[in-house]
Amino acid sequence: MLLRLPTSVPEARQCLADGAVPIGGATLLWATWQRDGFPGLAVSLREVPEANAVGRETLGGAVLLHRIDATVPDVLRLAAATIGTGAVRRTATVGGNIVGSTLRCLLPPALALDARATVLEPEGVREADLAEVVAKRPVLLGLHWRAPLASAYRKLPAEPGGEPPLVVASALHAEDGERRRLRVAVRDGYDVLTGTTRCDTGAEEALDALRDTALGDLPASAWEAVRPQVTGLLESSGQN
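Here, residues in each chain are numbered from 1, in the same order as that chain's written sequence. Local features in this predicted model are restricted to residues of pLDDT 70 or higher, and side-chain atom pairs are both shown and tallied only at a pLDDT of 80 or more, whereas totals for entire chains, interfaces and linings draw on every residue. Only hydrogens and water are set aside when side-chain values are computed; all heavy atoms of the structure are taken into account.

Q: Mind showing me how you'd approach the sheet that holds strand β2 (residues 21-22) here?
A: Each strand in a sheet pairs with its neighbour through backbone hydrogen bonds, running either in the same direction (parallel) or in the opposite one (antiparallel). Two strands qualify as a pair provided DSSP detects at least 2 bridges between them. By definition, any uninterrupted DSSP run of H or I lasting at least four residues is a helix, any uninterrupted run of E lasting at least two residues is a strand, and each is numbered from the N terminus. Judged by pairing direction, the sheet is parallel, and its three strands sit side by side in the order β1-β3-β2 without closing on themselves. Both outer strands of the open sheet, β1 (2-4) and β2, are each paired with one neighbouring strand and no more. As judged from the three bridges shared by β1 and strand β3 (residues 41-43), these two strands associate in the parallel manner. By the bridge assignment, L3 is partnered in β3 with A42.

Q: Can you walk me through the sheet that holds strand β10 (residues 167-174) in this structure?
A: An order of β9-β10-β11-β12 is seen for the four strands of this open sheet, with the pairing classed as antiparallel. This sheet does not close on itself; its edge strands, each paired only once, are β9 (150-155) and β12 (191-198). Each strand axis lies, on average, 10° off the axis of its neighbour in the sheet, ignoring direction. Note that strand β11 (residues 180-188) and β12 share eight bridges and pair antiparallel. Across the sheet, residue R183 finds its bridge partner in β12, namely T196. We call two residues in contact whenever any of their non-hydrogen atoms come within 4.5 Å of each other. Only C-alpha atoms enter the line fits that serve as axes; for helices the fit covers just the stretch in contact. Angles between N-to-C directions range over 0 to 180 degrees. Across the sheet, helix α8 (residues 203-210) lies against β11 and β12, angled at about 130° from β12, the strand it touches most. Here helix α9 (residues 220-236) sits on the sheet in contact with β9, β10 and β11, set at roughly 30° to β10.

Q: Can you help me understand the pattern of salt bridges in this one?
A: In a structure, side chains of opposite charge can pair up when their charged atoms sit close to one another. The working definition used for a salt bridge is a side-chain nitrogen of Lys or Arg within 4 Å of a carboxyl oxygen of Asp or Glu. Summed over the entire model, instances satisfying the criterion amount to ten salt bridges. As a salt-bridge pair, R126 and E132 come within 2.4 Å of each other at their nearest N and O atoms. Several salt bridges converge on common partners, so that one network encompasses D114, E175, R181 and R183.

Q: Looking at this model, I keep getting lost on the side chain of R181. Mind explaining?
A: Relative to the helices and strands, R181 is located in strand β11. Two N or O atoms form a polar contact when they lie within 3.5 Å of each other; inside protein one atom must be a possible hydrogen donor and the other a possible acceptor, and for residues adjacent in sequence the pair counts only when both atoms belong to side chains. A distance of 3.1 Å separates the side chain of R181 from the side chain of E175, its partner in a polar contact. With near-sequence residues (within four places) excluded, R181 lies in contact with D114, A171, L172, H173, E175, T196, T197, R198 and C199.

Q: Would you mind showing me how to read α9 here?
A: In an α-helix there are 3.6 residues to a turn, and that puts residues three or four apart on one side. Over its 17 residues, α9 extends 24 Å from the first C-alpha to the last, a length consistent with the 24 Å expected when each residue adds 1.5 Å. Among the residues of α9, those classed as buried are A222, W223, A225, V226, Q229, V230, L233 and L234. The secondary structure elements touched by the buried residues of α9 are β9, β10, β11 and α8. Take the number of residues in a helix, subtract one, and multiply by 1.5 Å to get its expected span. The buried label goes to any residue with under 20% of its type's maximum accessible area, the exposed label to any with over 50%, and the partly exposed label to all in between, with areas taken from a 1.4 Å probe on protein chains only.

These figures come from the coordinates and say nothing about function on their own.
Take a look at the structure:
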């Protein structure tokens, strides 16, 4: 297998046009390749600056999980710290987790941030929403969002070999004037549900409004995790 390491977006685009298979840390692909055979040509974005950005409002697709620090919102930092072992976090990438993984542990935080994706295709670079990224699995160049006022994350314990652990991610966003918007994403099993509401009053009103969104389909056990997170997030931001 020939691995190409482009140093710019145009070079990476040409690699895709030449038929190169994108890889990150290859943690999810290696076993499949060992079974089915390795591709003749692969490409990694690890030398492309745009794919390695870590900032207050951006995160590159080639960023290794262990590099995600307090520069990004808490909801992303805390999520990354709970993925796999230290060895996994030193090899797995943001793009591999969101695009290639079945668990997609970074997807709920990205949805809570109302993030948009920048994807790389043989034809060029374009913006996409996260639903398209999950469905079509393009090459993720990076994520970008508006910095939230506050955010929170929790992953509940789970039995080894059982259902994926419940994940609750939330972020409080500023709107025009003094208005605020609360966005919550929950992974229940392999499904990820989101809900958004204005929260100009208090936590109970916000929770009632969230029950009228897709989150209303969550079981009572999931709401036991949603309620304290929403309440704590709003109280910590001075809204109760």
